[in-house]
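Structure assessment
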Amino acid sequence: MIIALKRVNRIVEPILIFILIGAFWYASPTRDHWLWLLVLIPVSWGTRWLLYRRVWTRTPWDVFLVLFVILSIINMYAAPYRRAPDIPYSFFVLMARPLLGIAIFSYFVEQAREQKTMVALLIGTLVLGGVVAVLGLGASQWTSKSLVLRFMTDALPRVADLLGPFDAKGGFNVNEIAGALAWLCPLVAGIIGYRWKGYNRFWRGLTAMVFALLFLALFLGQSRFALAGAMFTLAVLAGLLIPSRRGRWAAWGVLVAVAVLEILIVRDVFAPPGQQVLAERDEASMSIRFDIWGSALHIIRDYPLTGVGLNMFRDGRVRALYPVPTFPTPVLPHAHNEWLQVGTDMGIPGLIVYIGLQLVTVYALVKGYRQGDSSAKAIFAAVGAGLFAHAFFGLGDAIPLWDRFGFVLWWLVALGGAQYVLTMRKIQL
């Protein structure tokens, strides 16, 4: 009976994660109608305890995850601004996506511990990478940065108009999708080095194909920060994971060629007469960023303990007090720097916890890489590469923890946590 229930639970838990990702993808107020699904998380944990006599495998991340939730609760009552203060469940309106991320982390760790393999999680990651690659290629709102590549972007099939039911009609801001690509492109590249048990050539070939689509989408979008971070980490991955010297040099050669091409694009070598000069556009964009960062720092200086409130940087009341007149559109969605964004949302205590989560992730990845076998090394390196590439993106742009693509961050950390638990248990055994 217990064995049968365990088999059912193996099917139910990933379905639950998929449902939560889909439900919380939507913006409020649509997302608010699905908040009751959060009840399924403790139900799932209770079921896990009944079947396995455990809810959560201890990991180095635990303390910071708990502190993050506690600070978020305090922030709801101590910060000067919050959305829908009169709604009893307003905490869950804001925290639905981070709570989903913690549920993903818990599920990945327990799935790897129970199954003693990363295969199912890696297949799920390839599916996620494929979906984001399709969205990046077929639903990006191409900007003037990509005009010289228009002969390619115009040839791509458009799926943006089909995404209305998914709260994405018209497509995605090219920098928003670039943030997700910065996580996934190096991650999938590193997974190519994983040694699959059975059909190894097929899975590696499929992984390479997904990586190629992700990289193409990233290159066509021309997000400078995302592309630079990905290129650097791909070069490091080539040195770490490609065993043959000839293969490493071939990979580095391709990356150098792409880097040279990117420099030529940025310097307007291929730009037709009359087109806006990209170098001037980039200079103006950086100037605006300095103004945005100044606004964020002003907020942190005024509210060092709490920030202005969870996901409140974009709120009209906050924007009125801390304006950025040089920003070209009325809505300023985030601080264009992920550390400043956390500081404006949760103050310096929240920023310390956020940096603590990053540091403990680096510690676990390095420790796991040193002690793991070749497949484990590939996963640790892949996760580290994805996180670093996105961190570089995060210097000049942001996907806030409350954003619809924010779950991808938790997905990567969860993969690292799952491989860490698997590696450490193998060593102990």
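Preceding this paragraph is the structure being described.
Residues numbered from 1 in each chain as written. Predicted model: local features only at pLDDT ≥ 70, side-chain atom pairs only at ≥ 80, totals over all residues. Heavy atoms only, no water.

1. A closer look at the overall build of the chain
Our working rule: To qualify as a helix, a DSSP run of H or I must reach at least 4 residues; to qualify as a strand, a run of E must reach at least 2; elements of each kind are numbered from the N terminus. Here the globule rule reads 2.2 Å times residues to the power 0.38, and the radius of gyration is calculated from C-alpha atoms. Think of it in three bands: with a 1.4 Å probe and only protein chains considered, a residue is buried below 20% of the maximum accessible area for its type, exposed above 50%, and partly exposed in between. Every residue pair with non-hydrogen atoms within 4.5 Å of one another is taken to be in contact. The Shrake-Rupley method, run with a 1.4 Å probe sphere, supplies the accessible areas, and residue values consider only the shown protein chains as cover. None of His or the chain ends enter the tally, which takes Lys and Arg as positive and Asp and Glu as negative. Taken as the charge centre is NZ of Lys, CZ of Arg, CG of Asp or CD of Glu, depending on the residue.
The secondary structure content of the chain amounts to 15 helices and two strands. Relative to its length of 429 residues, the chain is compact, with a C-alpha radius of gyration of 22 Å against a globular reference of 22 Å. Across its three principal axes, the chain shows a C-alpha extent of roughly 75 × 60 × 40 Å. For the chain, the proportion of its 429 residues judged to be buried stands at 52%. Partitioning the intrachain contacts of the chain with sequence separation of at least 6 by distance along the chain shows that 77% fall at a separation of at least 24. Put simply, the chain shows about 20000 Å² of open surface, and 69% of that area lies on carbon and sulfur atoms. Averaged over its 38 positive side-chain charges, the chain has a centre that lies 13 Å from the centre of its 23 negative ones.

2. What to know about the pattern of salt bridges
Cut-off, in case you're wondering: Salt bridges are counted wherever a side-chain nitrogen of Lys or Arg sits within 4 Å of a carboxyl oxygen of Asp or Glu.
Scanning the model with the defined rule gives nine salt bridges in all. Here aspartate 397 and arginine 289 are joined by a salt bridge, their closest N and O atoms 3.3 Å apart. Taken together, the positions of aspartate 397 in the loop between α14 (374–396) and α15 (407–428) and arginine 289 in helix α11 (residues 278–302) put the pair 108 residues apart, joining distant regions of the chain. With respect to class, aspartate 397 is no different from arginine 289; both count as buried. Between aspartate 315 and arginine 317 there is a salt bridge; the shortest N-O distance is 2.8 Å. With relative accessibility at 12%, the residue aspartate 315 sits in the buried group. Classification of arginine 317 as partly exposed rests on a relative accessible area of 43%.

3. Focus on helix α8 (residues 200–221)
For clarity, the threshold we go by: Given the number of residues in a helix, its expected span is that number minus one, multiplied by 1.5 Å.
Between its terminal C-alpha atoms α8 stretches 32 Å, which fits the 32 Å expected from 22 residues at 1.5 Å a residue. Along α8, the residues classified as buried are Trp203, Thr207, Val210, Phe211, Leu214, Phe215, Ala217, Leu218, Phe219, Leu220 and Gly221. Residues of α8 that are buried sit in contact with α5 (119–138), α6 (150–153), α7 (174–191), α9 (224–241) and α10 (245–266). Looking one or two residues beyond α8, the residue adopting positive phi is glutamine 222, at roughly 60 degrees.

4. Some thoughts on the nonpolar core
Rule in force here: Only buried residues count toward a nonpolar core. Its members are Ala, Val, Leu, Ile, Met, Phe, Trp, Tyr and Cys residues joined through side-chain atoms within 4.5 Å.
Of all hydrophobic cores here, the largest spans 114 residues; its most connected members are Trp61, Phe108, Met118, Phe172, Phe407 and Leu415. Looking at this core element by element, the count peaks at 15 residues for helix α4 (residues 90–115). Residues Val308, Phe313, Tyr322 and Leu332 belong to the second largest nonpolar core, which totals 16 residues.

5. Focus: the packing of aromatic side chains
Selection rule: A pair of aromatic rings is counted whenever rings of Phe, Tyr or Trp (Trp by its six-membered ring) have centres within 6.5 Å, and the orientation is called stacked for planes under 30 degrees apart, edge-to-face for over 60 and tilted otherwise. Look at NZ for Lys and CZ for Arg. If either is within 6 Å of the ring centre and within 35 degrees of the ring normal, a charge sits over the ring.
Inspection of the entire model under this criterion finds 20 aromatic pairs. With a centroid separation of 6.0 Å and 85 degrees between ring planes, the pair formed by tryptophan 61 and tyrosine 420 is classed as edge-to-face. Taken together, the positions of tryptophan 61 in the loop between α2 (40–52) and α3 (62–78) and tyrosine 420 in helix α15 put the pair 359 residues apart, joining distant regions of the chain. For tryptophan 61, a relative accessible area of 1% corresponds to the buried category. You can call tyrosine 420 buried: its relative accessible area is 9%. Pairing phenylalanine 108 with tryptophan 411 gives two aromatic rings, centres 5.1 Å apart and planes at 80 degrees, and the pair type is edge-to-face. One end of the pair, phenylalanine 108, is in helix α4; the other, tryptophan 411, is in helix α15, with 303 residues separating them in the sequence. Residue class for tryptophan 411 comes out buried when judged on its relative accessible area of 10%. Through successive ring pairs, a cluster of aromatic residues spans Trp45, Trp56, Trp61, Phe105 and Tyr420. Here lysine 377 stacks its cationic end above the ring of tyrosine 369, 4.5 Å away from the centre of that ring.

6. Observations concerning unusual backbone geometry
Cis geometry is found at the peptide bond from serine 28 to proline 29, where omega equals 10 degrees. In this fold, proline 29 is placed in the loop between α1 (2–23) and α2. Non-glycine residue arginine 53 carries a positive phi angle of around 60 degrees. Tracing the chain through its elements places arginine 53 in the loop between α2 and α3. Looking at arginine 53, the relative accessible area reads 56%, which means it is exposed. One non-glycine residue with positive phi stands out, namely histidine 336, at about 55 degrees. Topologically, histidine 336 is positioned in the loop between α12 (316–321) and α13 (338–371).

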